[in-house]
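Below are the chains, spelled out letter by letter.
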Amino acid sequence: MMRRLFNFSGGVRLREHKRESTVSPVTRAQIPEKIILPLHQHIGTPARPVVNVGDRVLKGQIIAKAGNNVSAPIHASTSGTITAIEDCAIPHPSGLPAPCIIIETDGRDEAVSHYGQSRDYHSLTAEQLRDEIKQAGIVGLGGAGFPSYLKLENKDHKITTLILNGVECEPYITCDQMLMRNHAIDIVNGLKIMQQALEIDHCIIAIENNKPKELELMQEAIYEAEADHIELVQVPTVYPAGGEKQLIQMLTGKEVPSQGLPMDIGIVCHNVGTAYAVTRAIEHNEPLISRYITVAGSVAKAKVLEVLIGTPVSHLIEECGGNRKTLSRVIMGGPMMGFALHDDEVPVVKTTNCILVNSVISDVPLPSRSNAAMPCIRCGACAEACPANLLPQQLYWYARAKDFDKVQDYNLFDCIECGCCDYVCPSQIPLVQYYRYAKSTIWQQEKEKVLSDISRQRHEFHNLRIEREKKEREQRHKQKRKAVAKTSSQDDKKAAIQAAMERVRKKRDQEHVQPKNIDDLTEQQRKLIEEVEARRKNKLEDL
Amino acid sequence: MITAIVALAILAVIFGLALGYAAVRFKVEGDPLVEKIDAILPQTQCGQCTYPGCRPYAEAIAKGEADINQCPPGGETTIIALADLLGRDPKPLNPEHGEEKAKRVAVIDEQVCIGCTLCIQACPVDAILGAAKQMHTVIEDECTGCDLCLPPCPVDCIDMVEIKSTTDTWTWDFPGNLPENLASLANRVNPAASNDDKTSSPLEETSSKKTGTEA
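Residues numbered from 1 in each chain as written. Chains lettered and ligands numbered in written order. Predicted model: local features only at pLDDT ≥ 70, side-chain atom pairs only at ≥ 80, totals over all residues.

## Considerations on the overall build of chain B
So, step 1. Assigned secondary structure in chain B consists of seven helices and four strands.
So, step 2. Each helix and strand of chain B, placed in order from N terminus to C terminus, yields the pattern α-α-α-α-β-α-β-β-β-α-α.
So, step 3. Within chain B, buried positions represent 23% of all 215 residues. (Helix = DSSP H or I, 4+ residues; strand = E, 2+ residues; numbered from the N terminus. Buried ≥ 20, exposed ≤ 12 C-beta atoms within 10 Å, placed from the backbone.)

## Remarks on the domain arrangement of chain B
So, step 1. Assigned domains of chain B: these are domain 1 (1-29), domain 2 (32-97) and domain 3 (104-162).
So, step 2. On a C-alpha basis, the centroid separation for the pair domain 1 of chain B and domain 2 of chain B is 42 Å. (Domains from an automatic or database assignment.)

## Concerning the packing of helix α3 (residues 175-198) of chain A against helix α4 (residues 212-224) of chain A
Residues and elements named next belong to chain A.
So, step 1. It is at 8 Å that the axes of α3 and α4 come closest, and there the two elements cross at 10°. Looking at the two axes, α3 sits roughly parallel to α4. On the side of α3, the interface is formed by Q177, M180, R181, A184, I185 and V188, while α4 contributes K213, E214, L217, M218, E220, A221, I222 and E224.
So, step 2. Within the contact of α3 with α4, the residues separate by chemical class into eight nonpolar, one polar and five charged. (Axes fitted to C-alpha atoms, helices over the stretch in contact; angles between N-to-C directions. Parallel < 35°, antiparallel > 145°, perpendicular 65-115°, else oblique. Contact = placed C-beta atoms within 7 Å. Nonpolar A, V, L, I, M, F, W, Y, C, P; charged D, E, K, R; others polar.)

## Here's the deal with helix α9 (residues 392-400) of chain A
Structural remark: α-helix, 3.6 residues per turn; residues separated by three or four positions point the same way.
Residues and elements named next belong to chain A.
So, step 1. Most of α9 sits out of view: eight of its nine residues are buried.
So, step 2. The complete set of buried residues in α9 reads P392, Q393, L395, Y396, W397, Y398, A399 and R400.
So, step 3. Looking at the buried side of α9, the elements it contacts are α8 (381-385), α10 (404-409), α11 (420-424) and α12 (431-486).

## As for the pairing of strand β9 (residues 161-166) of chain A
All names here are of chain A.
So, step 1. Within β9, six of the six residues are buried, which leaves the element mostly enclosed by the surrounding structure.
So, step 2. Neither face of β9 is left uncovered, since the one carrying T161, I163 and N165 and the one carrying L162, L164 and G166 both have all their residues buried.
So, step 3. Here six bridges tie β9 to strand β10 (residues 202-208), and the two strands are oriented parallel to one another. Following the sheet pairing, L162 is matched in β10 by C203.
So, step 4. As for the winding sense of the linkage, the β-α-β connection from β9 through α3 to β10 is right-handed. (Pairing = 2+ DSSP bridges. Right-handed = clockwise from strand over helix to strand, strands pointing away.)

## Considerations on the sheet that holds strand β17 (residues 354-357) of chain A
Residue and element names in this part refer to chain A.
So, step 1. With mixed pairing, six strands are arranged side by side in an open sheet as β1-β14-β13-β17-β15-β16. For this open sheet the edge positions go to β1 (27-28) and β16 (339-340), each flanked by a neighbour on one side alone.
So, step 2. Here strand β15 (residues 330-332) pairs with β16 via two bridges, running antiparallel. Across the sheet, I331 pairs through a bridge with A340, a residue of β16.
So, step 3. Together, β13 (290-297), β14 (303-308) and β17 form the strand contacts of α3, whose direction differs from that of β13 by roughly 125°.

## Quick notes on the interface of chain B and chain A
So, step 1. At the junction of the two partners, chain B supplies 33 residues and chain A supplies 33 residues.
So, step 2. If you list the elements that add at least two residues to the side of chain B that touches chain A, you get α4 (75-86) and α6 (180-189) of chain B.
So, step 3. The class makeup of the residues in the side of chain B that touches chain A is 16 nonpolar, 14 polar and three charged.

## Quick look at the nonpolar core
All names here are of chain A.
So, step 1. Ranked by internal contacts, the top residues of the largest apolar core, which has 137 residues, are I163, I205, A206, I293, V295 and I355.
So, step 2. Per-element tally for this core: the top contributor is α3, with 12 residues.
So, step 3. Among the domains, domain 1 (19-332) and domain 2 (372-474) are the pair contributing at least three residues each to this core.
So, step 4. If sequence neighbours within four positions are ignored, I355 has contacts with I293, V295, V313, L316, I317, V330 and M332. (Core = buried A, V, L, I, M, F, W, Y, C linked by C-beta atoms within 7 Å.)

## Observations regarding the packing of α3(A) against helix α6 (residues 272-284) of chain A
Residues and elements named next belong to chain A.
So, step 1. Put simply, α3 and α6 touch, their axes get as near as 7 Å, and they point 60° apart. By the angle between their directions, the pair α3 and α6 is classed as oblique. The crossing of α3 and α6 is left-handed. Within the contact between the two elements, α3 uses C175, D176, L179, M180, H183, D186, I187, N189, G190, L191, I193 and M194 and α6 uses V272, G273, A275, Y276, V278, T279, I282 and E283. (Left-handed = near helix turned anticlockwise from the far one by under 90°.)

## Observations concerning the sheet that holds β10(A)
All names here are of chain A.
So, step 1. Pairing within the open sheet is parallel, and its four strands lie in the order β11-β10-β9-β12. Each having just a single partner strand, β11 (230-235) and β12 (267-271) make up the two edges of the open sheet. Neighbouring strand axes in the sheet, compared pairwise and without regard to direction, differ in orientation by 25° on average.
So, step 2. Running at roughly 120° to β12, helix α5 (residues 244-252) makes contact with β9, β10, β11 and β12 of the sheet.
So, step 3. Strands in contact with α6 are β9 and β12; relative to β12, the strand with the most contacts, it is inclined by about 80°.

## Regarding helix α2 (residues 32-40) of chain B
Residue and element names in this part refer to chain B.
So, step 1. Among the residues making up α2, those that are buried are I37, D38 and I40. An end-on view of α2 places all buried positions within 155° of arc, on one side of the element.
So, step 2. Where α2 is buried, its residues meet α3 (54-63) and α4. (Arc of directions from axis to C-beta.)

## With respect to the confidence of the model for chain B
All names here are of chain B.
So, step 1. Confidence along chain B averages 80 in pLDDT terms, with 80% of residues attaining 70 or more.
So, step 2. The weakest mean pLDDT in chain B belongs to helix α7 (residues 202-214) at 37; the strongest belongs to helix α1 (residues 2-25) at 94.
So, step 3. Counting contacts from residues 178-215, a segment whose pLDDT is below 50, to residues more than four positions away or on other chains yields 29 contacts.
So, step 4. Two numbers describe this predicted complex: its pTM, 0.79, and its ipTM, 0.74. (pLDDT = per-residue confidence, 0-100.)

## Let's talk about the domain arrangement of chain A
Residue and element names in this part refer to chain A.
So, step 1. What the domain assignment lists for chain A is domain 1 (19-332) and domain 2 (372-474).
So, step 2. On a C-alpha basis, the centroid separation for the pair domain 1 and domain 2 is 31 Å.
So, step 3. Listed as interface residues are seven residues of domain 1 and, on the opposing side, seven residues of domain 2.
So, step 4. Of the residues in the side of domain 1 that touches domain 2, the class split is two nonpolar, four polar and one charged.

## Some thoughts on the pairing of β13(A)
Residue and element names in this part refer to chain A.
So, step 1. Counting buried positions over the eight residues of β13 gives eight, a clear majority of the element.
So, step 2. Side chains S290, Y292, T294 and A296 project from β13 onto one buried face, and the interleaved R291, I293, V295 and G297 project onto a second face that is buried too.
So, step 3. Across six bridges, the pairing between β13 and β14 is antiparallel. Its bridge partner lying in β14, I293 is registered against L305.
So, step 4. Adjacent in sequence and paired antiparallel, β13 and β14 are bridged by five residues.
So, step 5. Where β13 meets β17, four bridges bridge the pair, whose relative direction is parallel. Within β17, the residue paired with G297 across the bridge is V357.

## Examining unusual backbone geometry
Residues apart from glycine generally show negative phi values, whereas peptide bonds are mostly found in trans.
All names here are of chain A.
So, step 1. Of note, the bond from Y239 into P240 is cis; its omega dihedral lies within 30 degrees of zero at -5°.
So, step 2. Position of P240 among the secondary structure elements: in the loop between β11 and α5.
So, step 3. Not every positive phi belongs to a glycine, and N389 is a case in point at roughly 60°.
So, step 4. For N389, the position within the fold is in the loop between α8 and α9.
So, step 5. Of the residues examined, N389 has 13 C-beta atoms within 10 Å and is grouped as partly exposed.

## So, the environment of A:K493
Residues and elements named next belong to chain A.
So, step 1. Residue placement: K493 occurs in helix α13 (residues 490-512).
So, step 2. The class for K493 is exposed, based on 12 C-beta atoms found within 10 Å.
So, step 3. Once the C-alpha coordinates of K493 and Y149 are considered, the two residues, 344 residues apart in sequence, prove to be 80 Å apart.

The following block contains the structure:
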């Protein structure tokens, strides 16, 4: 508690809007009729389905295996029947469909036999723990969705500090807060497991100072778990104190290098939700199939729900007393960093922390708000607010001019898209939209560059091949001419001519053979053939 | 006298060897400017620029024979990149060479294909697979969407199909410039406001003008 705190530059103070959803206790959302599980809920390659349409699956059963390299498996959230494996609307700012597994639930919620069996993890090695965490499909639940097992590997013992992030600085979002209120001891145990996997002894839990109750509960849990080495730190309530890089800077005074990872300075940062999921997976053999989600905004009863992953958003809105018919906008994530959904039938995924309904709130900027932008007056307020020490105004000009080299010179890729610049902008310019546009376009251009390089190689080879073939043909002709020149006598020539004519005749005879595949044609195919014949005849006449 | 001649001759030999070695050791492969231009071009090899492929077009630009706005597949992005490289002003795409379209791939209707191999010969990147009197098919990943296989097909069985955007290839929309009415309002309040956007691309200005006249 006595740790000296540092400050990060910038940041804004926002109205919290957290009380609405924290007054009522957390309840478990009902099992929906349909569970939709996208195959790509994490950063990395999509999972590969291992079930077929029509299969009956049980709660906790693996239905999609992790793909190559960076990936995470997906488990059935409840028991039921697979009705489809197809493209469905997923929570993505584009609103485009992506492959999903759809389960029609049977309401019995039957689990696989080993589900929920307690076990002792102390004897497991770091390697085994990581593997268990990977098999449980755990990804970073703070929002990024990076497979957690990769952040629990301590290569060459470079990592010295593990930070557990319970800051949750964005307005409205309260799922981590409620998780700490209900499961403080599990979170501390999860942290101990992570520590064992990383083989380090320095751990910090960070909580914002607007959550005194949770701070006290966590302190008690640390005492109960006999984990005095865990440092519990209270950080000031500034947005975005919960950003990974900002939190690290605040706690240690160290800055994560530009375009680098916290790992580069010997730190890993996990979310409290991830720690809880790790406890469930390691101690109780329960894979990641549910999570806490805040439902707030224009609903009769804003609260935190424990939701099965794959539950449609509309189901949650109805459960909290929202009227689906009057919805104008649903945002997934918080008001600062979330995105508007195109469809309320999309499922919640592993990284969903908040559903914000119909938010007509004037004191926070909302993603994809109406275009009321006015010209930039170059006031510089954005630069003062930027927590990443960037120059948002310069980024804006260059992104707007589509000067993608320049925008990268100004470190566009260090932007965390927190929305602070957007929030303070007196001209209401949707700055983050410009940065997102520039980032995604640059990524796309890089991908196209790789493809065009392949095309260039193929074209060069094509030209080479044409050249080679030409040479070979010339060579052959030369040889033939030589051969003909050698057989100078009249008889030989005649014989050669005879042989050639024989060959031609044979070939012609062969061509008269009817193709084998024109028997038993349907009417349509015959018509097509006739059409083709007619076209060919026309073409010949034209010539 | 003789010593002088000998000394100079020895020097000439030494320098000759040094220069000869340098010429081999530090040889510049081709014209680096052509390479740089070629790297920017989209490598569709479609010939819409009137040159037989991207590299000949790059060579023509380097020589100053061709303008930088003749590449429809590359579109605005390529023109801006070329302008940047060559230190020229970007200009809108020359409509004589075609217009910028979404990326497409060729698809052969296998029911209609007669196996004539004409498209295979036309394909600049060898992305069509087949043999005489055998059905042909396009390797989608390698197809650049150049349209060159369309004219030779005697049975018109090749279609150009737009590539559908997926969550992996999707990009955020450009948030747009100021709405027309607001921009004019700004002009009225401060006449200089219209001139201060020096960093904004001239292409956008022309395109917004175009939409303005249409409206």
